[in-house]
Amino acid sequence: MRFSWFFGEAFKSMVRNGLMTIASILTIGLSLFIVGLFIFASVTINQTIGSFEKQLEIEVFLKDEASPQAVQELQDRINSWPEVETVAYISKEEALQRFKQRYKDHPELIENIQGNPLPASFVIRLKDPQKVESVARRFNGNPAVEDVEYGQKYVKRLFEALNVVRYSGFAFILLLAFVSVILISITIRLAIFARRQEISIMRLVGASNWFIRLPFIIEGCFQGLLGAIIASSAVYIVRVTVLEKLRSQILWLPLNFDSTLFWQITAGLCIGGLALGALGSAVAMRRYLRV
Amino acid sequence: MIEFENVTKIYPGSKKPALENVNLSIEESEFVFLVGPSGSGKTTFIKLLLREILPTKGTVRVAGIDVTKLRSWKVPYLRRHIGCVFQDFKLLPNKTAYENVAFALEVLGRPKRLIEEQVMEVLRLVGLEHKASNFPNELSGGEQQRISIARAIVNHPPILLADEPTGNLDPATSAELMGLFDRINRTGTTVVIATHNKELVDIMRKRVIALEDGKIVRDQVRGVYGYEI
Ligand SMILES: Nc1ncnc2c1ncn2[C@@H]1O[C@H](COP(=O)(O)OP(=O)(O)OP(=O)(O)O)[C@@H](O)[C@H]1O
Ligand SMILES: [Mg+2]
């Protein structure tokens, strides 16, 4: 078969059905744009939440009377846990220095210190901050440990809240994707419906089903791809205008927009657009090919 | 070439059959007129041959093949052997006159050069080479009809069906067209023409099959349109 001929047919038909083609491309573009934008926003929010969580630490305060040997043993043990990302040992002297550094504007606090009341400690960061509680619990009853501090009071509620944000964002994107798939397939269905006569005429003058289908599927692919490109461009524009402005105004927010994410979304939208365009056309044509 | 065996067609939703117990046989390279008043079942007859519809009862055979049992994917191959001029033309609205005619050859996978040659030749034959790049909505009824005729004959099918092919043509063009059909018939093509056109039927003196209310009421070898003669 002459493949170029089918492409020629597809492009001719798109040009001659100009308005319908534009309407389809815009519908696909708009639907994919909304999905893409919310994926982008949700991933960015998740990353931000993640970087907040990463700052969670477990502080293990050691008893003054704990032997250096016991402390070393404990450190080795902590290091052997797979959940642990880093462990830092902070001696009594370092703790005092940090304290002085932190309160250097309040000399009255520092003056009142007699000797060194501050304990030595381990500061532990975890690969998965959500495990903070279970890791902290392992120090219970350890003879070398005086106390464990990890924000017991709020950490649980914080994680609950963050998880609600995460999962509801995910559910919302699924819903949006579902709606846009429906919207796109209805658009394609209508476009094919408007041309059902054409399809039945082609059948009547001896065209095989694939001969009829192929140009329509190529059209669908092209429209899906073009819609996806429009959607990605729109996501990019939103990224460089709105979000960039947001970042410059809310400095404390560790928003980071990486371009890999953008390209991943673009690739996803293109694949989605292509698949929806091709499949949507093929499915919508089925009933008119039975004549 | 064409055989109807006890064919009855009742359209879904209607009680009266459009064709009732029709038996007939048309030999290879015959020239047949199918006549009868409006609603007598002529178009239904043609649709059955093209397998556009299936009979309610009976068998339709084309070139020895039982069309009613033909698998759906084989139907296009049947249709490539039957050129058809439709009563409502059935031109593709988004294709030019040239492309509409060429489509019947594209379907066969013919090379572009050959297609160009043959399409221009039939367009000349129906007198419309100057309208090649016009779209159907830019053509008059008669011109559309002639494009439809050009498409039906361009691939030299062994069977040519024409449903009221002179309906939109003036007497002179109609007579010319009948001459064309006659010439095509002489090359061995089986020709079946459904028509109301009394004058032409009477002049041609070919086999006439008359339908009335879905039944064959007359089948004459060198017949005329009506009973009068
Ligand atoms: N799709 C359909 N559904 C229901 N009834 C139909 C359908 N097509 C045709 N009929 C009926 O079947 C009968 C025969 O119709 P047909 O089109 O074969 O007539 P015809 O001889 O071609 O008429 P004309 O000369 O006006 O074209 C008519 O009574 C018509 O109303
Ligand atoms: Mg009719």
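In this report, we go over the structure that sits alongside the text. Bear in mind the structure is a predicted one, so any value in this text is a computation, not a measurement.

### Re the site of ligand 1
Residue and element names in this part refer to chain B. All residues adjacent to ligand 1 are Tyr 11, Ala 18, Ser 38, Gly 39, Ser 40, Gly 41, Lys 42, Thr 43, Thr 44, Gln 87 and His 196. Ser 38 is positioned such that a nitrogen or oxygen atom in its side chain is 2.6 Å from an oxygen atom of ligand 1. Within the backbone of Ser 40, one N or O atom sits 3.3 Å away from an oxygen atom of ligand 1. Protein contact buries 63% of the 630 Å² of open area that ligand 1 shows by itself. Looking at the shell around ligand 1, its residues break down into two nonpolar, eight polar and one charged.

### Side note on the pairing of strand S1 (residues 58-62) of chain A
All names here are of chain A. On S1, burial follows the alternation: Ile 58, Val 60 and Leu 62 on one face are buried, whereas Glu 59 and Phe 61 on the facing-out side are not. As paired strands, S1 and strand S4 (residues 145-149) are joined by four bridges and run antiparallel to one another. When the bridges of S4 are listed, Leu 62 appears paired with Val 145.

### As for the environment of A:Ser42
Residues and elements named next belong to chain A. In this fold, Ser 42 is placed in helix H2 (residues 18-54). For Ser 42, a relative accessible area of 16% corresponds to the buried category. Residues Ser 42 and Phe 170, 128 residues apart in the sequence, show an inter-C-alpha distance of 7.5 Å.

### Brief notes about the coordination of the magnesium ion (ligand 2)
Protein coordination at the magnesium ion (ligand 2): the donors are B:Thr43 (OG1) and B:Gln87 (OE1), at 1.8 to 2.3 Å from the metal. On the criterion of sequence distance, the pair formed by B:Thr43 in helix H1 (residues 42-49) and B:Gln87 in the loop between strand S6 (82-85) and helix H3 (97-106) is long-range, its members being 44 residues apart.

### Some points on the interface of chain B and chain A
Size of an interface, as often reported, equals the accessible area lost when the parts are brought together. Across the contact, 23 residues belong to chain B and 17 residues belong to chain A. Looking only at chain B, the three residues that lose the most surface to chain A are B:Arg79, B:Asn94 and B:Phe103, adding up to 28% of its buried area. For the pair chain B and chain A, the number of links is three salt bridges. As a salt-bridge pair, B:Glu99 and A:Lys12 come within 3.1 Å of each other at their nearest N and O atoms. Scanning the region where chain B abuts chain A turns up eight residue pairs in polar contact (both at pLDDT 80 or more).

Calculation notes
- Residues numbered from 1 in each chain as written.
- Chains lettered and ligands numbered in written order.
- Predicted model: local features only at pLDDT ≥ 70, side-chain atom pairs only at ≥ 80, totals over all residues.
- Heavy atoms only, no water.
- Near = heavy atom within 4 Å.
- Polar contact = N/O pair within 3.5 Å; in protein donor to acceptor, adjacent residues only side chain to side chain.
- Areas by Shrake-Rupley, 256 points an atom, 1.4 Å probe, with all protein chains shown as cover.
- Nonpolar A, V, L, I, M, F, W, Y, C, P; charged D, E, K, R; others polar.
- Buried < 20%, exposed > 50% of the residue type's maximum accessible area, 1.4 Å probe, protein only.
- Helix = DSSP H or I, 4+ residues; strand = E, 2+ residues; numbered from the N terminus.
- Pairing = 2+ DSSP bridges.
- Donors = N, O, S within 2.8 Å, 3.2 Å for Na, K, Ca; no water.
- Contact = heavy atoms within 4.5 Å.
- Buried area = accessible area lost by both parts, 1.4 Å probe.
- Salt bridge = Lys/Arg side-chain N within 4 Å of Asp/Glu carboxyl O.

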